[in-house]
Amino acid sequence: MIDQLTDSLADLARAAARKCAAFAAIAIVMLIGAGFLLAAIYMALAASFGAIAAATALGGTLVTLGLIALAIILQRDPGDAVDQPDADAHMAAGRKSEDDMLFDLLVHSAVTGYATGQGNKPRMQTGFEQIVGDLEALGVFDRPPGRVDTAPSDENHNTKMAG
């Protein structure tokens, strides 16, 4: 029975290796084709506008496409991958070890920093509250009894009224 399992695993491994080799060969052929297409585009631009202008245009276009792709990839919010604690997690927070609390503080700080960079004010506020909760759980300080109002007031004390 073990021989049958090892034989079937070996067959699966060989099939996977053949499939991987086929994909690698296809990728190499496509990369070579893309290289020739880029060379043809360069030669056409160089014939029309000169070598320096062609290289600058082609390089600028490729860098721009790369930056657009990078911006799309970085647009994903890493905070979505972090599970938000529910009521049971808050009750279990008292039983966490100090290492767990420090790790939570690190994660909440990272999520809050990302939200700050993105200008996401609700997630920033939630993140700051989580950081304060983490620091309180570590015994760094105690939270004030009431919630601090962070909304800006309509009054502006720096302006003078003409009289």
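Definitions and limits used
Residues numbered from 1 in each chain as written. Predicted model: local features only at pLDDT ≥ 70, side-chain atom pairs only at ≥ 80, totals over all residues. Heavy atoms only, no water. Helix = DSSP H or I, 4+ residues; strand = E, 2+ residues; numbered from the N terminus. Buried < 20%, exposed > 50% of the residue type's maximum accessible area, 1.4 Å probe, protein only. Areas by Shrake-Rupley, 256 points an atom, 1.4 Å probe, with all protein chains shown as cover. Polar contact = N/O pair within 3.5 Å; in protein donor to acceptor, adjacent residues only side chain to side chain. Contact = heavy atoms within 4.5 Å. Patch = residues over 30% accessible without salt bridge, like charges linked within 9 Å, V, L, I, M, F, W, Y side chains within 5 Å. Salt bridge = Lys/Arg side-chain N within 4 Å of Asp/Glu carboxyl O. Expected span 1.5 Å × (residues − 1). Axes fitted to C-alpha atoms, helices over the stretch in contact; angles between N-to-C directions. Parallel < 35°, antiparallel > 145°, perpendicular 65-115°, else oblique. Left-handed = near helix turned anticlockwise from the far one by under 90°. Nonpolar A, V, L, I, M, F, W, Y, C, P; charged D, E, K, R; others polar.

A.B. asks: Honestly, the overall build of the protein chain in this entry has me stumped. Any pointers?
C.D. replies: Within the protein chain, the regular secondary structure consists of 5 helices and 0 strands. In the protein chain, the succession of helices and strands from N to C terminus is α-α-α-α-α. Relative to its 163 residues, the protein chain shows a buried fraction of 10%. For the protein chain, the exposed surface amounts to about 13200 Å²; the carbon and sulfur share of it is 66%.

A.B. asks: So what exactly am I meant to see when it comes to the side chain of H108 here?
C.D. replies: Assignment of secondary structure puts H108 in helix α4 (residues 98–118). With relative accessibility at 12%, the residue H108 sits in the buried group. At a separation of 2.5 Å, a polar atom in the side chain of H108 contacts the side chain of D134. Setting aside residues no more than four positions away along its own chain, H108 makes contact with Q130, I131 and D134.

A.B. asks: Explanation requested: a nonpolar patch on the surface in the structure shown.
C.D. replies: A cluster of nonpolar residues, L38, I41, L62, L65, I68 and I72, forms a patch on the protein surface that exposes about 540 Å² of accessible area. Taken together, the elements giving at least two residues each to the nonpolar patch come down to α1 (2–49) and α2 (51–74). Top element by residues in the nonpolar patch is α2. It accounts for 4 residues. Its location among the elements puts L62 in helix α2.

A.B. asks: Even after reading the chapter, I still don't get the pattern of salt bridges, so can you show me in this structure?
C.D. replies: When the charged atoms of two side chains lie near each other, side chains of opposite charge can form a pair. Enumeration over the complete set of coordinates arrives at 1 salt bridge. For R14, the salt bridge identified is with D11, shortest N-O distance 2.6 Å. In this pair, R14 and D11 both sit in helix α1, 3 residues apart, roughly one turn of the helix.

A.B. asks: Explain α4 here, please?
C.D. replies: One full turn of an α-helix is made of 3.6 residues, so residues set three or four places apart face in the same direction. Between its first and last C-alpha, α4 extends 30 Å over 21 residues, near the 30 Å set by a 1.5 Å rise per residue. For α4, the set of buried residues is M101, D104, L105, V107, H108, V111, T112 and A115. Contacts made by the buried residues of α4 are with α5 (121–138). Looking at the residues trailing α4, positive phi occurs at G119, about 75°.

A.B. asks: Help me understand the packing of α1 against α2, please; the structure alone is not making it clear to me.
C.D. replies: Relative placement of two packed helices is described by the angle separating their axes and the distance separating the axes. Direction vectors running N to C along α1 and α2 enclose 135°, while the axes themselves pass 7 Å from each other. The pairing of α1 with α2 is recorded here as oblique in orientation. Handedness of the crossing formed by α1 with α2: right-handed. Contact with α1, carried on its side by L38, I41, Y42, L45, A46 and F49, involves A51, A53, A54, A55, L58 and L62 of α2 and no other residues of that element. Its residues placed into classes, the contact of α1 with α2 shows 12 nonpolar, no polar and no charged.

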